[in-house]
There are 2 protein chains.
Amino acid sequence: MDTYQDFPIRQDLSFFNFLFILSQVFGGIAIVLVVAWGAYYNQGFAGPSSPGQWFNWHPLLMTLGLIAIQGDSILIYRALRNEAKPRLKSIHAALHFVAFVFVVVGLKAVFDSHNYAKTPIPNLYSLHSWIGISAVIMFAVQFLAGFVSFLYPRVRKSLRSRYLPLHVLGGTMIFILSTCAALMGITEKNIFNKDYHKLPAGAQIGNALGVCIVIFVMLVFYLVSQPAYKRIALAEEQVLPLDYSEEENTAGNSGAIGGDN
Amino acid sequence: MDTYQDFPIRQDLSFFNFLFILSQVFGGIAIVLVVAWGAYYNQGFAGPSSPGQWFNWHPLLMTLGLIAIQGDSILIYRALRNEAKPRLKSIHAALHFVAFVFVVVGLKAVFDSHNYAKTPIPNLYSLHSWIGISAVIMFAVQFLAGFVSFLYPRVRKSLRSRYLPLHVLGGTMIFILSTCAALMGITEKNIFNKDYHKLPAGAQIGNALGVCIVIFVMLVFYLVSQPAYKRIALAEEQVLPLDYSEEENTAGNSGAIGGDN
């Protein structure tokens, strides 16, 4: 709909910048809380030889991968709007790759801690695990499809353009599913630790972690869904309709968050 | 961005219709499951004199109000696209009013069942309750603001137009928060019922309920975020720029779901 814009275009990004910083603050607090939760209230972090403590890597790595890094990777097209598009795509892919590695190790931590517990715990019985594993599978499929579509040079441009809105919408849904899984995981851990209703320090930390995750996710959602904060193609991208700039204007009306990547 | 369109415009809605029916099927199954969950696996439904069974109204009424009705009320602008805009707005408001009544009774059920249990259970300690009560408060504020802005006749049109994208985005966030709260609530109930890891029938129903809710919500999210399925203003709304048609074209680029209401 909005094809090449006249430039220079002025965007008032002061509120965007404020909310972006706020999102990073809440994302940062979430990481601090999940570390504190594992280190001080859930017996600390350790390797696979101590299944109970090895487990603690699960919430930490999942929060890092599926919430913090995935969120920032979605935000990157608007947060680093002055970078060239190919560079943004590479950073987006690299961040998602790091997130994926964290997720794989995070999954190993939870499976190991179940399998090697004194009394082994079944895997994949809870709603948390069903939604979580679905999010991870969708994440992997989306990562592969995105990589092939947008970074492999031989893909037809028309195919790229048609896939982009689906990629954006799929990413949004995976991010929301990840959030649901995180909140259910926190709920499980808080209840399993007993005395949740008395709200001991560990449960307070768990709840606060959940609240920070929700605020972070809502801020990301808001920042990438506001059309006023849409990334405007750089001057050189507008002048030269290069290979990579052709996707610029196809997703703006996709309706989902992150419609400008 | 997209102002008055030439008409008649052809929209291929066959896939929309298929997915819409699918959404109603999964929403319907969710209701059946939450009733079965209460009736057969959680000691049945009863009035306030039996706190344990009175509780069962909580998941039922919340699923009805915050998931099923709220979802369909968001969908209505696209599902009943041939209705006139003022009628759609009235149905949207009426559905949200019904949802709100369900939610209030659903909250009373959980507070009562906590307060009047043999051993009273504290209120509002869990992450589920924190996120859930936030969703309800935001729902109430949004309902009031929406009612005043879009149905009270004396509000300035420019104010309406400016509020609409925020209303749409706010509604999306409340719907997602409600989903998170529902999934955490199911997780809580499944764990409190013990033996969750053995996946007894009640836990299977709880998990299946969660999966149906997630599929319903994702279908709603998809259907209202696809620009191809956007409601096109009726001929008479296009010819006559009446009071109510002025909002038609302001939210299309809001980026969030339901951008056409």
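Cut-offs applied
Sequence order as written defines residue numbering, which begins from 1 separately in each chain. Labels follow written order: the first chain is A, the first ligand is 1, and so on. Selection of residues for local features in this predicted model requires a pLDDT of at least 70, selection of side-chain atom pairs for listing and counting requires 80 or more, and totals for whole chains, interfaces and linings are taken over all residues. Only hydrogens and water are set aside when side-chain values are computed; all heavy atoms of the structure are taken into account. The helix and strand labels rest on DSSP assignments: H or I over at least four residues marks a helix, E over at least two residues marks a strand, and numbering proceeds from the N terminus. Exposed residues in this analysis have more than 50% of their type's maximum accessible area, buried residues have under 20%, and partly exposed residues fall in between, with area computed by a 1.4 Å probe over protein chains only. Working rule for contacts: check all heavy atoms of both residues, and any pair within 4.5 Å makes them a contact. Here the accessible surface of atoms and residues is derived via Shrake-Rupley with a 1.4 Å probe, and residues count as covered only by protein chains that are part of the display. When the sulfur atoms of two cysteines come within 2.5 Å, that pair is taken as a disulfide. We superpose the copies by least squares over the C-alpha atoms of residues that have a pLDDT of at least 70 in both of them. Salt bridge, as applied in this entry: a Lys or Arg side-chain nitrogen positioned within 4 Å of an Asp or Glu carboxyl oxygen. Buried area counts how much accessible surface, traced with a 1.4 Å probe, disappears from two parts once they are put together, with both parts' losses summed. Polar contacts, as counted here, are pairs of nitrogen or oxygen atoms within 3.5 Å of one another; within protein the pair requires one atom able to donate a hydrogen and one able to accept it, and residues that are adjacent in sequence qualify only if both atoms are side-chain atoms. Paired rings are identified among Phe, Tyr and Trp, the last through its six-membered ring, by centres lying within 6.5 Å, and are further divided according to the angle between planes into stacked (under 30 degrees), edge-to-face (over 60) and tilted (the rest). Two conditions define a charge sitting above a ring: the NZ of Lys or the CZ of Arg must be within 6 Å of the ring centre, and it must be within 35 degrees of the ring normal. UniProt positions are given in the numbering used here, feature names are shortened, and annotations may be inferred rather than shown by experiment. Within a predicted model, pLDDT stands for the predictor's per-residue confidence, ranging from 0 to 100. In this analysis an axis means a line fitted to C-alpha atoms, helices contributing only their contacting stretch, and an angle means the value between N-to-C directions, from 0 to 180 degrees. Put simply, angles under 35 degrees are roughly parallel, angles over 145 are roughly antiparallel, angles from 65 to 115 are roughly perpendicular, and the rest are oblique. For this classification, Asp, Glu, Lys and Arg are treated as charged, while Ala, Val, Leu, Ile, Met, Phe, Trp, Tyr, Cys and Pro are nonpolar and the rest, including Gly, are polar. Residue types Ala, Val, Leu, Ile, Met, Phe, Trp, Tyr and Cys, when buried and joined through side-chain atoms within 4.5 Å, form a set referred to as a nonpolar core.

Take the overall build of chain A next. In terms of regular secondary structure, chain A is built from 8 helices and 0 strands. Starting at the N terminus, the α and β elements of chain A follow one another as α-α-α-α-α-α-α-α. For chain A, the proportion of its 261 residues judged to be buried stands at 56%. Taking the intrachain contacts of chain A between residues at least 6 apart in sequence as the baseline, contacts between residues at least 24 apart amount to 76%. For chain A, the accessible surface area stands at approximately 11500 Å², while carbon and sulfur atoms represent 67% of it.

For the rest of this paragraph, the subject is the state of the cysteines. The final tally for this structure, using the stated rule, is 0 disulfides over all chains. Distance from the sulfur of C180 of chain A, which forms no disulfide, to the nearest cysteine sulfur (C180 of chain B) is 3.8 Å. Taking the relative accessible area as the measure of exposure, C180 of chain A reaches 3% and is therefore buried.

The operation relating chain B to chain A is a screw motion whose rotation component is 180°, with 0.0 Å of axial translation and a residual RMSD of 0.0 Å. On the angle and the small slide along the axis, the relation comes out as a two-fold axis. In this assembly, 98% of the residues forming the interface of chain B have copies in chain A that are likewise at the interface, indicating an isologous arrangement.

Residue and element names in this part refer to chain A. This structure, assessed with the given rule, holds 8 salt bridges over all chains. A salt bridge links E83 to R87, with the nearest nitrogen and oxygen atoms 2.9 Å apart. Residue classification places E83 among the partly exposed residues on the basis of a relative accessible area of 29%. Across the salt bridge formed by K198 and D195, the nearest N and O atoms sit 3.7 Å from each other.

Once that is clear, we can look at the interface of chain B and chain A. Interface extent is often summarised as the accessible area lost during association of the parts. Counting residues at the interface gives 41 residues for chain B, matched by 40 residues for chain A. Between chain B and chain A lies a buried interface of about 3800 Å² when both sides are counted; carbon and sulfur atoms form 80% of it. Among the residues of chain B in contact with chain A, Y125, L127 and M218 of chain B are the three that bury the most area, contributing 15% of the side total. For the interface between chain B and chain A, the tally reads 0 salt bridges. Where chain B meets chain A, there are 6 residue pairs in polar contact (both at pLDDT 80 or more). When residues of the side of chain B that touches chain A are traced back to their parent elements, those giving at least two are α5 (127-150), α6 (157-192) and α7 (201-225) of chain B.

So, about the environment of I174 of chain B. As for its placement among the helices and strands, I174 of chain B is situated in helix α6. Other than its neighbours up to four places away in sequence, I174 of chain B contacts Q70, A135, M138, F139 and Q142 of chain B.

Below, the discussion takes up the packing of aromatic side chains. Going through the model one piece at a time under the given rule, you end up with 20 aromatic pairs over all chains. Plain terms: the ring middles of F16 of chain B and Y229 of chain B are 5.2 Å apart, the flat faces sit at 65° to each other, and that makes the pair edge-to-face. Remark: Y229 of chain B occurs in the loop between α7 and α8 (235-239) and F16 of chain B occurs in helix α1 (residues 14-41); sequence separation between them is 213 residues. One exposure class covers both F16 of chain B and Y229 of chain B, and it is buried. Among the aromatic side chains, those forming a connected cluster through ring pairs are F97, F100, F139, F143 and F147 of chain A. The ring of F16 of chain B carries R81 of chain B above its face, with NZ or CZ at 5.2 Å from the centroid.

As a further point, take the UniProt feature "domain: Cytochrome b561" (unreviewed entry) in chain A. UniProt tags residues 22-225 of chain A as "domain: Cytochrome b561" (unreviewed entry). This span, residues 22-225 of chain A, is 80% helix and 0% strand, and a straight line between its end C-alpha atoms measures 16 Å.

On to the confidence of the model for chain A, then. All names here are of chain A. Residues of chain A with pLDDT of at least 70 account for 88%, and the chain-wide mean is 90. Across residues 244-256 the pLDDT falls below 50, and counting only partners more than four positions away or on other chains, this stretch makes 47 contacts in the model. Both confidence scores are given for the complex: pTM 0.91, ipTM 0.91.

Okay, the environment of T63 of chain B next. All names here are of chain B. Along the chain, the position of T63 falls in helix α3 (residues 57-79). By relative accessible area, T63 is classed as buried at 7%. Each C-alpha atom, one on T63 and one on F192, is 19 Å from the other, the two residues being 129 residues apart in sequence. Apart from the residues lying within four places of it in its own chain, the contact partners of T63 are I31, V34, A68 and I213. A polar atom in the side chain of T63 sits 2.6 Å from the backbone oxygen of P59.

Time to look at the packing of α6 of chain B against α7 of chain B. Residue and element names in this part refer to chain B. Interaxial distance between α6 and α7 falls to 9 Å at its minimum, and their mutual angle equals 170°. As summarised for this structure, α6 and α7 are arranged roughly antiparallel, according to the angle between their axes. On the side of α6, the interface is formed by T172, F175, I176, T179, A182, L183, I186 and N190, while α7 contributes G202, A203, G206, N207, L209, G210, I213, V214, F216, V217, V220 and F221. When its residues are assigned to classes, the contact of α6 with α7 shows 13 nonpolar, 7 polar and no charged.

Residue and element names in this part refer to chain A. In the numbering adopted here, UniProt assigns the feature "transmembrane region" (unreviewed entry) to residues 15-40, 60-80, 92-111, 131-152, 164-185 and 205-224. Here residues 15-40 is 100% helix and 0% strand, with 37 Å between the C-alpha atoms at its ends. The span residues 131-152 is 95% helical and 0% strand by assignment, and the distance between its end C-alpha atoms comes to 30 Å.

So, on to the nonpolar core. Formed by 87 residues in total, the largest nonpolar core has its most connected members in I131, L209 and I213 of chain A together with I131, L209 and I213 of chain B. No other element matches helix α7 (residues 201-225) of chain A, which puts 15 residues into this core. If we skip the residues at most four places from it in the chain, I213 of chain B touches A30, T63, I67, T179, A182 and I186 of chain B.

Here H96 of chain A shows up in helix α4 (residues 85-115). In this view, H96 of chain A contacts Q70, S73, F139 and F143 of chain A; residues no more than four positions away in its chain are not counted.

All names here are of chain A. Closest axis-to-axis distance for the helix α1 (residues 14-41)/helix α3 (residues 57-79) pair is 10 Å, and the angle between their directions is 170°. It follows from the interaxial angle that α1 and α3 lie roughly antiparallel. Between α1, through F16, F20, S23, Q24, I31, V34, V35 and W37, and α3, the contact on the second element is made entirely by P59, L60, T63, L64, A68, D72, L75, R78 and A79. Residues belonging to the contact of α1 with α3 are distributed by class as follows: 12 nonpolar, 3 polar and 2 charged.

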